[in-house]
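Chains, contacts and geometry: an overview
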Amino acid sequence: MKKILITGGLGFIGSHTTIKLLAKNYDIVLLDNLSNSRIEMIKKISLLAKKDFKFFNGDIRDRSFLRKIFLKNKIDSVIHFAGLKQVSHSMKYPLEYFENNVTGSINLFQEMSLAGVKSIIFSSSASVYGDTKLVRCTENAPLKPVSVYGKTKLIVENILRDIYSSDPNWKIINLRYFNPIGA
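For the structure given in this document, a descriptive report is provided here.

What counts and how
- Every chain is numbered independently, its residues counted from 1 as its sequence is written.
- Per-residue local features are limited, in this predicted model, to residues with pLDDT of at least 70; the limit for side-chain atom pairs, both in listing and counting, is 80 or more; totals at the level of whole chains, interfaces and linings are taken over all residues.
- Each side-chain value is derived from all of the structure's non-hydrogen atoms; neither hydrogens nor water enter the calculation.
- Exposure classes here rest on a 1.4 Å probe applied to the protein chains alone. A residue is buried below 20% of its type maximum, exposed above 50%, and partly exposed in between.
- Comment: elements are numbered from the N terminus, with helices defined as DSSP H or I runs of at least four residues and strands as E runs of at least two.
- A pair of strands is labelled paired if DSSP reports no fewer than 2 bridges between them.
- Working rule for contacts: check all heavy atoms of both residues, and any pair within 4.5 Å makes them a contact.
- Polar contact is defined as a pair of N or O atoms within 3.5 Å, subject to the rule that within protein one atom must be able to donate a hydrogen and the other to accept it, and that residues adjacent in sequence are counted only when both atoms are side-chain atoms.

Some remarks on the pairing of strand β1 (residues 3-7)
Most of β1 sits out of view: five of its five residues are buried. With five bridges joining them, β1 and strand β2 (residues 27-32) adopt parallel strand pairing. Paired with Lys 3 across the two strands is Asp 27, which belongs to β2.

Quick word on unusual backbone geometry
Of note in this structure, Leu 34 is not a glycine but carries a positive phi near 65°. Within the secondary structure layout, Leu 34 lies in the loop between β2 and α2 (41-49). With a relative accessible area of 25%, Leu 34 lands in the partly exposed category. You will see that Lys 50, though not glycine, has its phi angle at about 60°, which is positive.

Comments concerning the environment of Ile 120
Residue position: Ile 120 is located in strand β5 (residues 119-123). Sequence separation between Ile 120 and Ile 172 is 52 residues; the distance between their C-alpha atoms is 5.1 Å. Once residues lying within four places of it in the same chain are set aside, the contact partners of Ile 120 are Ser 77, Val 78, His 80, Leu 108, Phe 109, Met 112, Leu 160, Trp 170, Lys 171, Ile 172 and Ile 173.

Topic: the side chain of Glu 111
Along the chain, the position of Glu 111 falls in helix α5 (residues 94-115). When its relative accessible area of 1% is taken as the criterion, Glu 111 is described as buried. At a separation of 2.8 Å, a polar atom in the side chain of Glu 111 contacts the side chain of Arg 63. Side-chain polar atoms of Glu 111 contact the side chain of Arg 67, separated by 2.7 Å. In this structure, Glu 111 is in contact with Arg 63, Leu 66, Arg 67 and Phe 70, ignoring residues within four places of it in sequence.

Structure representation (structure tokens):
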């Protein structure tokens, strides 16, 4: 049974992903700092999935905390949902977004590498396309983010691209999607 670490696991998308993966009998380890979620979600997820999972309350910006998770759990893969996500907020507080979304992701990737975990799905954003005039946006559309939020997502995608270039054993998926529940 594969063990998957889900960062931001108690948030909207993370909790739904967790329920689906538990139904497929994956062993799940959740990490969340509760900045955009509630602790009560643990019970709700367990109730809906009819299964339990490990939960760690902490932050991806804390490398020693991440290291403990990787040392105590034989993680096979990571799904990375953790990140600040409000476009307007990112424009007012850009340093918060760079620290959390970029530095936090770098910390995660460094600890993954140290633990020999080279499989990740990164929750990016369609905001990396910016204000495109295209009616249908494809993966090949120009990448021109206009918000700090979108820029942080594109920076992390580029970091992952460079990680893969340096070590093709990494398996990396960047998910770009629009806001699933509205602004």
